[in-house]
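Observations on chain architecture
The residues making up each chain are set out below.
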Amino acid sequence: MLFGLLFALAAGLMWGLVFVAPVMLPGYAPAQLTVGRYLAFGLIALPLGLALDRRPLRELEPADWREAARLSLVGNFLYYLCLSAAIQRAGAPLPTMIIGTLPVVIAVCANHRNRVRDGHLPWRKLAPSLALIAAGLACVNREELRALQAQAGDPRRYAEGAGLAVLAVACWTWYPIRNADWLRAHADRSPRAWATAQGMVTLPMAVAGALLLTLVHLAAPGTLTQAGQAFPLGDRPLAYAGLMLAVGLCSSWLGTLCWNEASQRLPTSLSGQLIVFETLAALAYAFAWTGRQPPPLTLAGVALLVAGVAWALRIRPERTPP
């Protein structure tokens, strides 16, 4: 439990970085950010796999590689494409808060779906934890929506950003449950090798995405870049390449590795709630980047989120007969 908690915390701290990347590179299209991040992930995972995980990777069967490809397509490409587009349309706080519902959504889905394998967290004991997390999200959402209204931005862009963030929630509800299914069914396999495998199958997808972006740029110049901006690295090539490498290493490979370690140790209904660490990290990074001080209501929401997670960690699963 303790090591699972620490690994989930580390994953959340690293995943929080992906929420500020679109804000740090506002002139780059979401597709550029997605392809850049996973091209870096694949290029990092390939030599790591050859150097560190050659033997466990050889033990993977074709069905395992197909599952890794499905997980990468939905949990990596589609999720981050929706998330980065949502952030660029609505700013970081609103999508962050919508993504913040993941702890509740995953906990409810996993507690019903995996009650035989993981044990059932009694709803009467789980309800206070979910209520605290929901109340915390409501507090932060209320404050951020108030800030958005004060900015007098385009309501349509905020609505589009919210819709894309909901799609991202759907992708990342599916991903950790399916990823945990494989890890729990293969408890003898290395979580690091499974993270590396997902990075390796991501590489050809990223190369295909880069070729597609090049064709789009050649067919319709200016579709992906702002006026006068160079393609594919944009007007800030060093910042773009450096940030993509940092996100590819920390958020993709190390974050996935830590999450896999947590998923092998914890029931999915509990590990799902620990994604709240990602929300907290993203909020902290966003406030630090913009130089804003968290308002009191946001701090109250954070306290409720932490209290909800602490409550959940006290619950022990009850075995359910098949």
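Residues numbered from 1 in each chain as written. Predicted model: local features only at pLDDT ≥ 70, side-chain atom pairs only at ≥ 80, totals over all residues. Heavy atoms only, no water.

In terms of helices and strands, the protein carries 15 helices and 0 strands. For a compact globule of 322 residues, the expected C-alpha radius of gyration is about 20 Å, and the protein comes in at 20 Å, within 12% of that figure. Its C-alpha atoms give the protein principal-axis dimensions of roughly 60 × 55 × 25 Å. Considering the protein as a whole, with its 322 residues, one finds that 51% of them fall into the buried category. (Helix = DSSP H or I, 4+ residues; strand = E, 2+ residues; numbered from the N terminus. Rg over C-alpha atoms; globule rule 2.2 N^0.38 Å. Buried < 20%, exposed > 50% of the residue type's maximum accessible area, 1.4 Å probe, protein only.)

So, about the side chain of Thr173. Tracing the chain through its elements places Thr173 in helix α10 (residues 155-185). The exposure class assigned to Thr173 is buried, which follows from its relative accessible area of 11%. Polar contacts involving the side chain of Thr173 include one to the main-chain carbonyl oxygen of Val169, which spans 2.7 Å. Those residues in contact with Thr173, other than ones at most four positions away along the chain, are Leu102, Val105, Ile106 and Cys109. (Polar contact = N/O pair within 3.5 Å; in protein donor to acceptor, adjacent residues only side chain to side chain. Contact = heavy atoms within 4.5 Å.)

Moving on, we come to the nonpolar core. Among the nonpolar cores identified, the biggest contains 67 residues, and Phe19, Tyr79, Tyr80, Leu83, Ile99, Trp172 and Trp194 are the most heavily contacted of them. Excluding residues within four positions of it along the chain, Tyr80 makes contact with Val18, Ala21, Pro22, Leu33, Thr34, Arg37 and Tyr38. Counting 5 residues, the second largest nonpolar core, distinct from the first, contains Ala107, Leu121, Leu130 and Ile315. (Core = buried A, V, L, I, M, F, W, Y, C linked by side-chain atoms within 4.5 Å.)

Attention now moves to the packing of aromatic side chains. A complete count under the given rule lists 10 aromatic pairs for this structure. An angle of 0° between the planes, with centres 4.8 Å apart, marks the rings of Tyr28 and Tyr240 as stacked. Within this pair, whereas Tyr28 is found in the loop between α2 (17-24) and α3 (30-52), its partner Tyr240 is found in helix α12 (residues 237-265), the two being separated by 212 residues in sequence. Residue Tyr28 shares its accessibility class with Tyr240, and that shared class is buried. Sitting over the ring of Tyr80, Arg37 keeps its end group 4.6 Å from the ring centre. (Phe/Tyr/Trp six-rings, centres within 6.5 Å; stacked < 30°, edge-to-face > 60°. Lys NZ or Arg CZ within 6 Å of the ring centre and 35° of its normal.)

Attention now goes to the state of the cysteines. All chains considered together, the criterion is met by 0 disulfides. The cysteine Cys258 is free of any disulfide, with Cys250 supplying the nearest cysteine sulfur at 10 Å. (Disulfide = S-S within 2.5 Å.)

To continue, consider the packing of helix α1 (residues 2-15) against α12. Helix packing geometry: the angle between the two helix axes and the distance between the axes. Put simply, α1 and α12 touch, their axes get as near as 8 Å, and they point 155° apart. As the angle between them shows, α1 and α12 are arranged roughly antiparallel. Once α1 is placed against α12, the crossing between them reads as left-handed. Each of Phe3, Gly4, Phe7, Ala8, Ala10, Ala11, Met14 and Trp15 in α1 lies in contact with α12, whose residues at this interface are Cys250, Ser251, Leu254, Gly255, Thr256, Cys258, Trp259, Glu261, Ala262 and Arg265. Looking at the contact of α1 with α12 residue by residue, the class counts come to 12 nonpolar, 4 polar and 2 charged. (Axes fitted to C-alpha atoms, helices over the stretch in contact; angles between N-to-C directions. Parallel < 35°, antiparallel > 145°, perpendicular 65-115°, else oblique. Left-handed = near helix turned anticlockwise from the far one by under 90°. Nonpolar A, V, L, I, M, F, W, Y, C, P; charged D, E, K, R; others polar.)

Attention shifts here to the pattern of salt bridges. As enumerated under the stated definition, the model contains 8 salt bridges in all. For Arg55, the salt bridge goes to Glu59, with nearest N and O atoms at 4.0 Å. On the basis of relative accessible area, Glu59 is assigned to the partly exposed category, the value being 42%. Here the salt bridges share partners, and the residues they tie into one network are Glu67, Arg70 and Arg178. (Salt bridge = Lys/Arg side-chain N within 4 Å of Asp/Glu carboxyl O.)

A few words on a nonpolar patch on the surface. A cluster of nonpolar side chains, namely Leu2, Phe3, Leu6, Leu9 and Leu13, defines an oily patch on the protein surface of about 480 Å² accessible area. Position of Leu2 among the secondary structure elements: in helix α1. Leu2 sits in the exposed class, given a relative accessible area of 58%. (Patch = residues over 30% accessible without salt bridge, like charges linked within 9 Å, V, L, I, M, F, W, Y side chains within 5 Å. Areas by Shrake-Rupley, 256 points an atom, 1.4 Å probe, with all protein chains shown as cover.)

The next subject is the environment of Ala40. With respect to the helices and strands, Ala40 occurs in helix α3. Given the relative accessible area of 6%, Ala40 is considered buried. Ignoring any residue separated from it by four or fewer positions in sequence, one finds Ala40 in contact with Met244, Leu245 and Gly248.

One turn of an α-helix holds 3.6 residues; hence residues three or four places apart share an orientation. With 18 residues, helix α15 (residues 296-313) should cover 26 Å at 1.5 Å per step; its first-to-last C-alpha distance of 26 Å lies within 8% of that length. All of the buried residues along α15 are Thr298, Gly301, Leu305, Gly308, Val309 and Ala312. One face of α15 carries all of its buried residues, which in axial projection span an arc of 95°. (Expected span 1.5 Å × (residues − 1). Arc of directions from axis to C-beta.)

This next bit is on the environment of Leu60. Among the secondary structure elements, Leu60 is positioned in the loop between α4 (54-58) and α5 (62-90). Here Leu60 falls in the buried class, since its relative accessible area comes to 10%. Distance from Leu60 to Arg124, taken between C-alpha atoms, is 41 Å for residues 64 residues apart in sequence. The contacts of Leu60, once residues within four sequence positions are left out, are Trp65, Trp182, Arg189, Trp194 and Ala197.

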